[in-house]
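What follows is each chain in one-letter form.
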Amino acid sequence: MFAGMRLAPCSLLLWLALVPVAQATSVNAVPDARPQSAVVDLTETLSEQDKRTIQADAERGRSGGELYVAVIDTTDGEQPRAYATRLFNRLGLDDKTRNRGVLLMAALSDRKAEIIVGDGYADSVTAVTDRIMSNVVVANFRRGNPRGAMVEGARALVDQVVLAPPPGLLQQVENVADDNPLPFWGGLGGTGLLAFVGARRFLRNRPRKCGNCHEQMVRLGEHADDKFLTSGERKEESLGSVDYDIWMCHGCKNTLKLRYGALFTSYSKCRQCRAKTLHTSTTTITHATEYSTGLARVEEDCRHCSHRNSYTRTIPRVTRSSSSSSGSSSSRGGGSSSGRGSSGSW
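Here the focus is the sheet that holds strand β7 (residues 242–249). Read from one edge to the other, the open sheet built from 3 strands follows the order β6-β7-β8, with strand pairing classed as antiparallel. Two strands bound the open sheet, and with one partner strand each, they are β6 (217–219) and β8 (255–261). Direction aside, neighbouring strands of the sheet carry axes that sit 25 degrees apart on average. With 3 bridges connecting them, β6 and β7 associate as antiparallel partners. Bridge assignment links Arg219 to a residue of β7, and that residue is Trp247. Running over the sheet, helix α8 (residues 231–239) touches β7 and β8 and is turned about 120 degrees from β7.

Structure below.
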């Protein structure tokens with residue numbers, strides 16, 4: 001009996017030594033595993049295959065946003081939503097312009113999970129994240145499947161949130177102009193622009209003498225000069241991309257044709273008919289991120305001839321300034337979140 005009583009404290013001490021102690025991790029101590037990995041697990045819950053699966057889903061979703069998964073032990077009493085929001089902003093998920101980052105975080109000892117989304121998402125996104133949190137993340141945790149909670153939760157977020165098209169941004173169209181001297185003069189400021197416009201008007205309206213007989217020439221009206229223009233030139237005038245002046249000498253009937261490109265136009269020169277009647281539009285298919293290039297489709301349509309062309313071009317990766325490489329990712333131009341998302345417990 002006495003022996004049993006003497007062993008009890010030793011057994012208790014041995015049991016206490018074997019019980020895992022929750023390890024709190026500050027937000028600043030959570031590693032940023034990017035770009036090698038989109039998941040960090042400080043609890044060794046996820047297998048290497050789990051991490052590769054999450055990484056593959058994150059890569060698949062980079063055309064629409066950036067996913068990051070974090071598994072920690074405990075927030076040590078800090079409110080999980082506040083903790084996860086601070087982690088999101090320290091990592092600076094996605095880029096500042098698009099701001100479509102998503103963080104899936106679980107604090108296992110606290111039995112809490114959080115989904116935090118970037119401010120680039122519409123308010124309606126929380127209805128989707130609530131459903132994923134309840135039906136996928138929390139449901140798996142309650143079944144005793146933490147690995148499934150994180151892996152399946154990450155996949156659902158990529159499929160239903162990250163790759164969901166932004167409202168109103170299904171097509172982003174850019175108009176392309178060409179051979180316009182305005183950017184140079186505009187770069188000199190308002191004074192330079194006014195000087196250019198004034199000089200151009202003066203040179204266009206100044207009197208002209210015939211090069212053959214040296215008699216004074218007369219500028220024809222808009223309708224009278226059409227018979228001296230080609231079909232492409234008439235189309236340019238109708239589109240407003242180019243304006244032509246026809247000067248005529250009434251003595252020898254000599255004519256002078258002068259071409260004036262529009263200061264602002266969405267038309268460029270067609271490679272087929274050479275008229276400035278080519279309309280080009282660019283539709284973004286996948287947005288570029290810091291880690292991957294994007295893709296755009298370019299559509300060419302000449303309003304004068306039959307030229308039509310469609311091709312894709314690569315959008316360069318988003319680069320962050322090297323001059324601000326120190327500090328948090330959000331201070332380097334990354335995305336940010338005001339804390340919208342979904343919370344769960346089990």
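Next comes the rest of the description.
Now for the packing of helix α2 (residues 48–60) against helix α5 (residues 146–162). The interhelical angle for the contact between α2 and α5, taken along N-to-C directions, is 10 degrees, at an axis separation of 9 Å. Viewed along their axes, α2 and α5 adopt a mutual orientation that is roughly parallel. Each of Asp50, Thr53, Ile54, Asp57, Ala58 and Arg60 in α2 lies in contact with α5, whose residues at this interface are Arg147, Met150, Val151, Ala154, Arg155, Val158 and Asp159. Split into classes, the residues belonging to the contact of α2 with α5 amount to 6 nonpolar, 1 polar and 6 charged.

Attention now goes to the environment of Met105. Summarising the element assignment, Met105 is placed in strand β3 (residues 101–107). When its relative accessible area of 0% is taken as the criterion, Met105 is described as buried. Setting aside residues no more than four positions away along its own chain, Met105 makes contact with Ala70, Ile72, Thr75, Pro80, Tyr83, Ala84, Leu87, Lys112, Ala113, Glu114 and Met150.

Our next topic: the sheet that holds strand β1 (residues 39–41). The pairing of strands in a sheet comes from backbone hydrogen bonds and takes either a parallel or an antiparallel form. Taking strand neighbours across the sheet as the criterion, the 5 strands line up as β1-β2-β3-β4-β13 in an open arrangement whose pairing is mixed. Unpaired on one side and paired on the other, β1 and β13 (341–345) mark the two borders of the sheet. With direction set aside, neighbouring strand axes in the sheet form an average angle of 5 degrees. Across 3 bridges, β1 lies against strand β2 (residues 66–72) in parallel orientation. For Val40, the partnering residue across the bridge sits in β2 and is Ala70.

Note that the residue after Arg34, namely Pro35, is joined by a cis bond; omega there is 0 degrees. Mapped onto the fold, Pro35 is located in the loop between α1 (2–18) and β1. For Glu44, which is not a glycine, the phi torsion comes out positive at approximately 60 degrees. Relative to the assigned elements, Glu44 resides in the loop between β1 and α2. Judged by relative accessible area, which is 73%, Glu44 ranks as exposed. One non-glycine residue, Asp76, lies in the positive phi region at around 55 degrees. For Asp76, a relative accessible area of 60% puts it in the exposed group.

Moving on to the packing of aromatic side chains. For any pair of aromatic rings, the description consists of the separation of the ring centres together with the inter-plane angle of the planes. Evaluated as defined, the whole model comprises 1 aromatic pair. Between Phe141 and Trp346, the ring centres sit 3.8 Å apart and the planes meet at 5 degrees, which makes this aromatic pair stacked. Of this pair, Phe141 sits in helix α4 (residues 125–142) while Trp346 sits in the segment after β13, and the two are 205 residues apart along the sequence. Exposure remark for Trp346: the relative accessible area of 17% places this residue in the buried category. Its end group placed over the ring of Tyr260, Arg204 keeps NZ or CZ at 4.3 Å from the ring centre.

Relative to the helices and strands, Ser37 is located in the loop between α1 and β1. Since its relative accessible area comes to 17%, Ser37 is described here as buried. If near-sequence neighbours (up to four positions away) are discounted, Ser37 is found in contact with Gln55 and Tyr68.

Side-chain alternation along strand β11 (residues 294–302) places Gly294, Ala296, Val298, Glu300 and Cys302 on a buried face and Leu295, Arg297, Glu299 and Asp301 on a face that remains uncovered. Looking at chain direction, β11 and strand β12 (residues 308–315) are connected through 8 bridges and run antiparallel. Across the sheet, the residue bridging to Leu295 is Thr314, located in β12. Following β11, the chain reverses through 5 residues before pairing antiparallel with β12.

Another point: the pairing of strand β4 (residues 112–117). Within β4, 5 of the 6 residues are buried, which leaves it mostly tucked inside the rest of the structure. By the bridge criterion, 6 bridges tie β3 to β4 in an arrangement that is antiparallel. Paired with Ala107 across the two strands is Lys112, which belongs to β4. If you look at the hairpin formed by β3 and β4, you'll find 4 residues sitting between the two strands, and Arg111 has a positive phi there, around 55 degrees. Sheet analysis places β4 next to β13, joined by 5 bridges and oriented antiparallel. Bridge pairing links Ile116 to Gly341 in β13.

Procedures and definitions
- Residues numbered from 1 in each chain as written.
- Predicted model: local features only at pLDDT ≥ 70, side-chain atom pairs only at ≥ 80, totals over all residues.
- Heavy atoms only, no water.
- Pairing = 2+ DSSP bridges.
- Helix = DSSP H or I, 4+ residues; strand = E, 2+ residues; numbered from the N terminus.
- Axes fitted to C-alpha atoms, helices over the stretch in contact; angles between N-to-C directions.
- Contact = heavy atoms within 4.5 Å.
- Parallel < 35°, antiparallel > 145°, perpendicular 65-115°, else oblique.
- Nonpolar A, V, L, I, M, F, W, Y, C, P; charged D, E, K, R; others polar.
- Buried < 20%, exposed > 50% of the residue type's maximum accessible area, 1.4 Å probe, protein only.
- Phe/Tyr/Trp six-rings, centres within 6.5 Å; stacked < 30°, edge-to-face > 60°.
- Lys NZ or Arg CZ within 6 Å of the ring centre and 35° of its normal.

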